[in-house]
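Understanding the architecture of this molecule
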Amino acid sequence: MLAVMKQKAAELEEVKDDINSSSEDGIDLQGIVVSFEQREGKPMYNEIMGTLIRILKPSEIELLDNSSQHAGHAGSKGWEESGESHFALNIEAEAFEGLSLVKRHQLIYMLIGE
């Protein structure tokens, strides 16, 4: 039992080292996105990115705020403070392997609370 615990501790230390040695672009040594540049005044964007990166550990992620393209449409008010309402997401993650497109969308919606 003690040997297993020591092995797990060593593995966690390796993960910590990998995260600490991630490159400046927010990608760790295994090609996983581990951070992003937060945008001031965009709390919804920051929350979505943080949640998806933390849970899905994507190899690529791009989130575009398209709210300005929907001004005047239903649902365009968005979040009161920032006006964020519509986003386009491109993401690649191992978590999606074997899932249909619909299941992938459902997973994203569940994670961001839609």
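What you see is a predicted model; the values in this text were computed from it and never measured.

With that settled, the discussion passes to the packing of aromatic side chains. Per the counting criterion, the structure on display carries 1 aromatic pair. Ring geometry for phenylalanine 36 versus tyrosine 45: centroids 6.3 Å apart, planes at 70°, classification edge-to-face. Taking the relative accessible area as the measure of exposure, tyrosine 45 reaches 6% and is therefore buried.

A few words on helix 2 (residues 43-56). Taking 1.5 Å of rise per residue, the 14 residues of helix 2 would be expected to cover 20 Å, and the 20 Å separating its terminal C-alpha atoms lies within 8% of that figure. Those residues of helix 2 that fall on the buried side of the exposure criterion are Tyr45, Asn46, Ile48, Met49, Gly50, Thr51, Leu52, Ile53 and Leu56. Looking at the buried side of helix 2, the elements it contacts are strand 1 (60-65), strand 2 (87-92) and helix 3 (101-112). Taken from the residues just after helix 2, lysine 57 is the one with a positive phi, measuring 50°.

Right, let's get into the nonpolar core. Membership of the largest hydrophobic core comes to 14 residues, with the highest contact counts inside it found for Met49, Leu52, Leu56, Ile61, Ile91 and Phe96. For this core, the secondary-structure elements that each account for two or more residues are helix 2, strand 1 and helix 3. Counting residues per element, this core draws most heavily on helix 2, at 6 residues. The residues contacting isoleucine 91, other than those within four sequence positions of it, are Leu52, Leu56, Pro58, Glu60, Ile61 and Phe96.

Estimated volume of the largest pocket: approximately 510 Å³. Elements represented by at least two residues in the lining of the largest pocket include exactly helix 2, strand 2 and helix 3. With 7 residues, helix 3 is the largest single contributor of residues to the lining of the largest pocket. Classifying every residue of the lining of the largest pocket gives 13 nonpolar, 3 polar and 4 charged.

Mean pLDDT over the protein chain: 77, with 64% of residues reaching 70 or higher. Confidence drops under pLDDT 50 across residues 18-22; counting only partners more than four residues distant or on other chains, this segment forms 7 contacts.

Let's shift gears to the environment of glutamine 30. Summarising the element assignment, glutamine 30 is placed in the loop between helix 1 (2-20) and helix 2. Exposure remark for glutamine 30: the relative accessible area of 56% places this residue in the exposed category. Sequence separation between glutamine 30 and serine 59 is 29 residues, and the spatial gap between their C-alpha atoms is 8.7 Å.

Okay, helix 3 next. The first and last C-alpha atoms of helix 3 sit 17 Å apart over 12 residues, in line with the 16 Å expected at 1.5 Å per residue. Of the residues one or two after helix 3, glycine 113 is the one with positive phi, at around 80°.

Rules used throughout
- Residues numbered from 1 in each chain as written.
- Predicted model: local features only at pLDDT ≥ 70, side-chain atom pairs only at ≥ 80, totals over all residues.
- Heavy atoms only, no water.
- Phe/Tyr/Trp six-rings, centres within 6.5 Å; stacked < 30°, edge-to-face > 60°.
- Buried < 20%, exposed > 50% of the residue type's maximum accessible area, 1.4 Å probe, protein only.
- Helix = DSSP H or I, 4+ residues; strand = E, 2+ residues; numbered from the N terminus.
- Expected span 1.5 Å × (residues − 1).
- Contact = heavy atoms within 4.5 Å.
- Core = buried A, V, L, I, M, F, W, Y, C linked by side-chain atoms within 4.5 Å.
- 1 Å grid on protein atoms, 1.4 Å probe; cavity = no way out; pocket = protein on both sides within 12 Å on 5 of 7 lines; lining within 4 Å.
- Points joined across faces, edges and corners; volume = space filled by probe spheres on them.
- Nonpolar A, V, L, I, M, F, W, Y, C, P; charged D, E, K, R; others polar.
- pLDDT = per-residue confidence, 0-100.

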